[in-house]
Amino acid sequence: MTSQLEQLRQHSVVVADTGDIEAIARFKPIDATTNPSLLLKAAALPAYASHIEAAVAAARGDDKVGDAGDRLAVAIGGEILKLVPGRVSTEVDARLSFDTEATIAKAHKLVQLYADAGIGTERLLIKVASTWEGIRAAERLERDGIQCNLTLLFSFAQAVACAEAGVFLISPFVGRILDWHLANGMATPATPQDDPGVQSVQRIWRYYKQHGYETVVMGASFRNTGEVLALAGCDRLTISPDLLAALEQSDAAVEPALVDDGTRAAPPARLDEAAFRWQHNEDAMATDKLADGIRKFAVDQRKLESLLAAKLG
């Protein structure tokens, strides 16, 4: 029998949400995504020990720790690209989430480090938090030929603004949306279709298709395989190794949950900054989880930098 993982690949592009090269080699995803938390985990793996030493040795400039962190992220991305045919997503420092110009500068630096390693922009996505400032940075980066993955996306307003900015891909979160609702008194959903995170991604995907937006929708942050399968048919799904393994071990039937019916309509008027901020602010879950996600990525970035600082002496 065909596994659920193989069946899912017939409906959606499967992406690995990990920096673990052993897991990537096992599950053979098209792309792979990383973030500061995943890089921190990856830095503890023996396979990357030599890359840490090399990043530290090559670090230069006034901020050697930060430079070493960028070099390590690119080195890990380079190793991942040896195993996937598509792209790797490398994230801009979460502490720059409210600084458009600094985000653009960091993105260009990461792209240059990849170029120095012989890796072109066609193999990369630069991950940026879906703040107003991050979306504006991504809009300009896209014009520069640097394609972006807009992450920490929780509200419909964020999704609309990303599509209007012409970003290549968004990563709307599923599990973290469910986490928030459970923590705020919601009963456990009876079915995956009742999961508020699943419903959020379904709404975004349908809106994009209805209005002809080319931005790729990649569901992310899954808590169980039910959430994953409830989004079969979404453009891409980025899935952790444990859930990839669970899908591989089941041969139950997988049916497409999202099917484009071909209906098209002109999009509404473009969101300006005031409308974006108001609509996002009206979503308590989204405002809480965006802020929380940025803080947590910043914490893990600092932990990674502490590890590198110790190596730098």
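In the block above lies the structure referred to throughout.
Residues numbered from 1 in each chain as written. Predicted model: local features only at pLDDT ≥ 70, side-chain atom pairs only at ≥ 80, totals over all residues. Heavy atoms only, no water.

## Quick notes on the pattern of salt bridges
Within this structure, the stated rule accounts for 23 salt bridges. Among the ionic pairs, Arg 95 bridges to Glu 305, the shortest N-O distance being 2.6 Å. In this pair, Arg 95 sits in the loop between strand 3 (88-91) and helix 6 (100-116) while Glu 305 sits in helix 14 (residues 284-312), placing the two residues 210 residues apart along the sequence. Overall, Arg 95 belongs to the partly exposed group, its relative accessible area being 36%. Connected through salt bridges with shared partners, the residues Asp 67, Asp 70, Arg 71, Lys 106 and Lys 109 form a single ionic network. (Salt bridge = Lys/Arg side-chain N within 4 Å of Asp/Glu carboxyl O. Helix = DSSP H or I, 4+ residues; strand = E, 2+ residues; numbered from the N terminus. Buried < 20%, exposed > 50% of the residue type's maximum accessible area, 1.4 Å probe, protein only.)

## Section: the packing of helix 6 against helix 7 (residues 132-143)
Running from amino to carboxyl end, helix 6 crosses helix 7 at an angle of 45°, the nearest separation of the two axes being 8 Å. Relative to helix 7, helix 6 is oriented oblique. The crossing of helix 6 and helix 7 is right-handed. Judged by residue contacts, Thr 100, Glu 101, Thr 103, Ile 104, Ala 107 and His 108 of helix 6 engage Glu 133, Arg 136, Ala 137, Arg 140 and Leu 141 from helix 7. Across the contact of helix 6 with helix 7, the residue classes break down as four nonpolar, three polar and four charged. (Axes fitted to C-alpha atoms, helices over the stretch in contact; angles between N-to-C directions. Parallel < 35°, antiparallel > 145°, perpendicular 65-115°, else oblique. Left-handed = near helix turned anticlockwise from the far one by under 90°. Contact = heavy atoms within 4.5 Å. Nonpolar A, V, L, I, M, F, W, Y, C, P; charged D, E, K, R; others polar.)

## Here's the deal with the state of the cysteines
Disulfides are covalent bonds that connect the sulfur atoms of two cysteines. According to the stated counting rule, one finds zero disulfides in the structure shown. In this structure Cys 162 is not part of a disulfide, and its nearest cysteine sulfur, from Cys 148, lies 9.7 Å away. Free of any disulfide, Cys 234 has its nearest neighbouring cysteine sulfur in Cys 162, separated by 14 Å. (Disulfide = S-S within 2.5 Å.)

## Thoughts on unusual backbone geometry
For Lys 28, which is not glycine, the phi dihedral falls at a positive 50°. Take Lys 28: it is sitting in the loop between helix 2 (21-27) and strand 2 (31-33). With relative accessibility at 58%, the residue Lys 28 sits in the exposed group. Phi is positive for Ser 221, which is not a glycine, with a value near 60°. Within the secondary structure layout, Ser 221 lies in the loop between strand 7 (216-219) and helix 11 (225-229).

## Comments concerning the side chain of Glu 227
Its place among the elements puts Glu 227 in helix 11. No salt bridge forms around the buried Glu 227; measuring N to O, its nearest opposite-charge neighbour Arg 223 is 6.2 Å away. The contacts of Glu 227, once residues within four sequence positions are left out, are Val 174, Gly 175, Leu 178, Pro 192, Asp 195, Val 198, Ser 221 and Phe 222. (Lys, Arg positive; Asp, Glu negative; His and termini not counted.)

## Quick word on the pairing of strand 3
What you see with strand 3 is no split at all: Val 88 and Thr 90 on one side and Ser 89 and Glu 91 on the other are buried throughout. As defined by bridge partners, strand 2 adjoins strand 3 across two bridges and the pair is classed as parallel. Within strand 3, the position partnered with Thr 33 by the bridge is Ser 89. Following the backbone out of strand 3, through helix 6 and into the adjacent parallel strand 4 (residues 124-129), one traces a crossover that is right-handed. (Pairing = 2+ DSSP bridges. Right-handed = clockwise from strand over helix to strand, strands pointing away.)

## Section: the nonpolar core
One broad trend across soluble globular proteins is that nonpolar side chains are buried collectively. Of all hydrophobic cores here, the largest spans 84 residues; its most connected members are Ile 80, Leu 150, Ile 170, Tyr 208, Leu 231 and Ile 239. If sequence neighbours within four positions are ignored, Leu 231 has contacts with Ser 12, Val 174, Val 198, Val 201, Gln 202, Phe 222, Leu 237, Ala 257 and Leu 258. Counting 13 residues, the second-largest nonpolar core is a separate cluster that includes Phe 154, Trp 180, Ala 286 and Leu 290. (Core = buried A, V, L, I, M, F, W, Y, C linked by side-chain atoms within 4.5 Å.)

## A short note on the packing of aromatic side chains
Evaluation of the coordinates by the stated rule reveals five aromatic pairs. Relative to Tyr 207, the ring of Phe 156 has its centre 5.0 Å away and its plane inclined at 80°; by these criteria the two rings are edge-to-face. One end of the pair, Phe 156, is in helix 8 (residues 156-165); the other, Tyr 207, is in helix 10 (residues 196-211), with 51 residues separating them in the sequence. One aromatic cluster is present, formed by Phe 156, Tyr 207, Tyr 208 and Tyr 213 through successive ring pairs. (Phe/Tyr/Trp six-rings, centres within 6.5 Å; stacked < 30°, edge-to-face > 60°.)

## Concerning helix 14
An ideal rise of 1.5 Å per residue puts 42 Å on 29 residues; helix 14 measures up with 42 Å between its terminal C-alpha atoms. You can read the cap of helix 14 off the contacts: a side-chain oxygen lies 3.2 Å from the backbone nitrogen of Met 285, and it is on Asp 283. Directly beyond the C-terminal end of helix 14, a positive phi value near 75° is found at Gly 313. (Expected span 1.5 Å × (residues − 1). Polar contact = N/O pair within 3.5 Å; in protein donor to acceptor, adjacent residues only side chain to side chain.)

## Focus: the sheet that holds strand 3
Read around the closed barrel, the eight strands follow the order 1-2-3-4-5-6-7-8; overall the barrel is parallel. Here the strands of the sheet are splayed against their neighbours by 30° on average, with no regard to which way each runs. Alignment of strand 4 against strand 5 (residues 148-153), held across four bridges, turns out to be parallel. Paired with Ala 129 across the bridge in strand 5 is Thr 151.

## Re the packing of helix 3 (residues 36-43) against helix 14
At a minimum axis distance of 8 Å, the contact between helix 3 and helix 14 shows a crossing angle of 30°. As judged from the angle between their axes, helix 3 and helix 14 are roughly parallel. For the pair helix 3 and helix 14, the crossing hand works out as left-handed. In this structure, helix 3 uses Pro 36, Ser 37, Leu 39, Leu 40 and Ala 43 to contact helix 14, whose residues at the interface are Phe 297, Asp 300, Gln 301, Lys 303 and Leu 304. Here the residues of the contact of helix 3 with helix 14 sort into six nonpolar, two polar and two charged.

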